[in-house]
Amino acid sequence: MKSTLFFSAALATALLSACGDNKTTGQSTTATAETTATTAPADSARMDATSGPAAASTAATGSLTGAMAKMMQQMNANKPIGNTDHDFSHLMMAHHQGAVDMSEVELRDGQDATLKAMAQKIITDQKKEIAALDKVAERLDGSAKNYTPKDPSDRFQKRLNQSMKPVMAPMTPSGNVDRDYAAMMVAHHTSAVQMAAAEVALGKDAQTKKMAQVMITAQNAEIQQFNAWLAKNGGKAVGAAYTCPMHPEVASGQPGKCPKCGMALVKKS
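Residues numbered from 1 in each chain as written. Predicted model: local features only at pLDDT ≥ 70, side-chain atom pairs only at ≥ 80, totals over all residues. Heavy atoms only, no water.

Concerning the overall build of the protein
Secondary structure assignment for the protein yields nine helices and three strands. If you list the helices and strands of the protein from N to C, you get α-α-α-α-α-α-α-α-α-β-β-β. Put simply, of all contacts in the protein between residues at least 6 apart along the chain, 71% involve residues at least 24 apart. Summed over its atoms, the accessible surface of the protein is roughly 12,100 Å², and 55% of this surface lies on carbon and sulfur atoms. (Helix = DSSP H or I, 4+ residues; strand = E, 2+ residues; numbered from the N terminus. Contact = heavy atoms within 4.5 Å. Areas by Shrake-Rupley, 256 points an atom, 1.4 Å probe, with all protein chains shown as cover.)

What follows is the structure in structure tokens.
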């Protein structure tokens with residue numbers, strides 16, 4: 001029986017609502033998120049098998065889903081103050097923690113050496129960035145308001161909402177933790193790149209904008225690496241709207257240059 005990875009529609013809707021509201025969302029939203037995180041492993045374990053290696057792999061996929069649901073819950077609990085740099089820092093800390101949690105699942109349950117090495121690097125890099133973002137957020141506590149979280153027409157709010165769509169898209173699980181980790185990380189990183197691009201475009205704090213640009217560069221490169229791995233290992237590139245004419249295995253969700261030959265990536269027709 002096949003299932004769908006990622007989150008309940010209720011949790012996804014709650015997150016978008018919370019991004020535009022600086023009030024707490026109440027016990028019902030928290031309960032939804034907790035239920036999603038708790039039940040996801042059991043649902044995933046019923047995907048393809050009930051015992052043996054396949055069952056272990058699908059159970060791990062469930063842990064990946066639980067990690068992503070936990071990330072959404074933490075972002076949902078955020079209380080924006082209406083300052084782009086402050087609110088970006090808080091949201092990205094939770095977003096990064098999601099990557100750390102999923103990467104820890106890959107280290108524990110994955111089999112592929114390349115992905116496990118990538119997972120370890122992501123854990124190391126994003127923990128450092130979480131610490132740096134925490135310092136920025138503390139410095140910016142009480143900063144002047146420069147956008148309206150409640151207004152869906154606000155430029156920054158609109159881009160935050162848009163950045164969450166990649167992680168809300170449904171994905172049919174493969175039953176293999178390595179492939180599902182790679183696919184989910186492409187969606188996760190695509191979301192992070194879009195969120196960081198909103199900060200670069202509309203943020204005001206120079207340090208935060210610089211950090212966001214570093215995130216864009218690093219995570220776009222990792223998106224290409226994950227999609228290349230998927231292409232070589234029986235998976236499907238996720239969110240890959242751009243590719244290299246000379247190296248079709250190189251794919252990205254954003255414009256850029258091929259890391260192999262330097263050619264500009266071309267948008268797929």
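Some details on the packing of helix H5 (residues 113-139) against helix H8 (residues 177-202)
Helix-helix packing: each pair is described by the crossing angle between the helix axes and the interaxial distance. Their axes nearest at 11 Å, the elements H5 and H8 cross at an angle of 35°. Along this stretch, H5 crosses H8, giving a crossing that reads as left-handed. Residue-level contacts link Leu115, Ala119, Ile122 and Gln126 of H5 to Asp178, Tyr181, Ala182, Met185, His188 and His189 of H8. Its residues placed into classes, the contact of H5 with H8 shows six nonpolar, three polar and one charged. (Axes fitted to C-alpha atoms, helices over the stretch in contact; angles between N-to-C directions. Left-handed = near helix turned anticlockwise from the far one by under 90°. Nonpolar A, V, L, I, M, F, W, Y, C, P; charged D, E, K, R; others polar.)

Here we look at the environment of Val167
Looking at the secondary structure, you find Val167 in helix H7 (residues 165-168). For Val167, a relative accessible area of 0% puts it in the buried group. (Buried < 20%, exposed > 50% of the residue type's maximum accessible area, 1.4 Å probe, protein only.)

Here's the deal with the packing of helix H4 (residues 84-109) against H5
Packing of H4 against H5 brings their axes to within 8 Å, and their N-to-C directions diverge by 155°. As far as their axial angle goes, H5 and H4 are roughly antiparallel. Read as a crossing pair, H4 and H5 show a hand that is left-handed. Considered class by class, the residues forming the contact of H4 with H5 number 14 nonpolar, eight polar and six charged. (Parallel < 35°, antiparallel > 145°, perpendicular 65-115°, else oblique.)

Let's talk about the nonpolar core
Counting 52 residues, the largest nonpolar core has Phe88, Met92, Met102, Tyr181, Met195 and Phe226 as the members making the most contacts within it. Sort the elements by how many residues they give to this core and H8 lands first, with 13 residues. Discounting residues that sit within four places of it in the chain, Phe226 has contacts with Leu115, Met118, Ile122, Tyr181, Ala182, Met185, Val186 and His189. (Core = buried A, V, L, I, M, F, W, Y, C linked by side-chain atoms within 4.5 Å.)

Let's talk about the pattern of salt bridges
Counted by the stated rule, this structure contains four salt bridges. One salt bridge connects Lys70 with Asp101, and the closest N-O pair in it is separated by 3.2 Å. With a gap of 31 residues between them, Lys70 in helix H3 (residues 52-76) and Asp101 in helix H4 connect regions that are remote in the sequence. By relative accessible area, which is 35% here, Lys70 ends up partly exposed. (Salt bridge = Lys/Arg side-chain N within 4 Å of Asp/Glu carboxyl O.)

So, the packing of aromatic side chains
Tallying each qualifying case throughout the model produces two aromatic pairs. For the pair Tyr147 and Phe156, a centre-to-centre distance of 4.9 Å together with 70° between the ring planes defines the contact as edge-to-face. Owing to a relative accessible area of 4%, Tyr147 belongs among the buried residues under this scheme. Aromatic side chains Tyr181 and Phe226 sit 5.6 Å apart centroid to centroid with 85° between the ring planes, which places their arrangement in the edge-to-face category. With Tyr181 in helix H8 and Phe226 in helix H9 (residues 206-232), this residue pair connects regions lying 45 residues apart in the sequence. (Phe/Tyr/Trp six-rings, centres within 6.5 Å; stacked < 30°, edge-to-face > 60°.)

Observations regarding the confidence of the model for the protein
Overall, the predicted model of the protein reaches an average pLDDT of 78, with 70% of residues at or above 70. Here helix H2 (residues 27-45) stands out as the least confident element of the protein, with mean pLDDT 32; H5 is the most confident, with 97. Ignoring residues within four places in sequence, the model shows residues 1-15, a span with pLDDT below 50, making 53 contacts including any to other chains. Contacts for the low-pLDDT stretch residues 20-58, under 50 throughout, to residues beyond four places or in other chains number 60 contacts. (pLDDT = per-residue confidence, 0-100.)

With respect to helix H6 (residues 155-163)
Each full turn of the α-helix corresponds to 3.6 residues, which orients residues three or four apart in the same direction. When we look at burial in H6, the residues that qualify are Phe156, Gln157, Leu160, Asn161 and Ser163. An end-on view of H6 places all buried positions within 160° of arc, on one side of the element. Where H6 starts, the residue carrying a side-chain oxygen 3.0 Å from the main-chain nitrogen of Phe156 turns out to be Asp154. (Arc of directions from axis to C-beta. Polar contact = N/O pair within 3.5 Å; in protein donor to acceptor, adjacent residues only side chain to side chain.)

A few points about the environment of His96
Take His96: it is sitting in helix H4. Assessed through its relative accessible area of 0%, His96 is described here as buried. When the C-alpha positions of His96 and Ile122 are compared, they lie 9.2 Å apart, and in sequence the two are 26 residues distant. The residues contacting His96, other than those within four sequence positions of it, are Gln126, Glu129, Ile130, Leu133, Met215 and Gln219.

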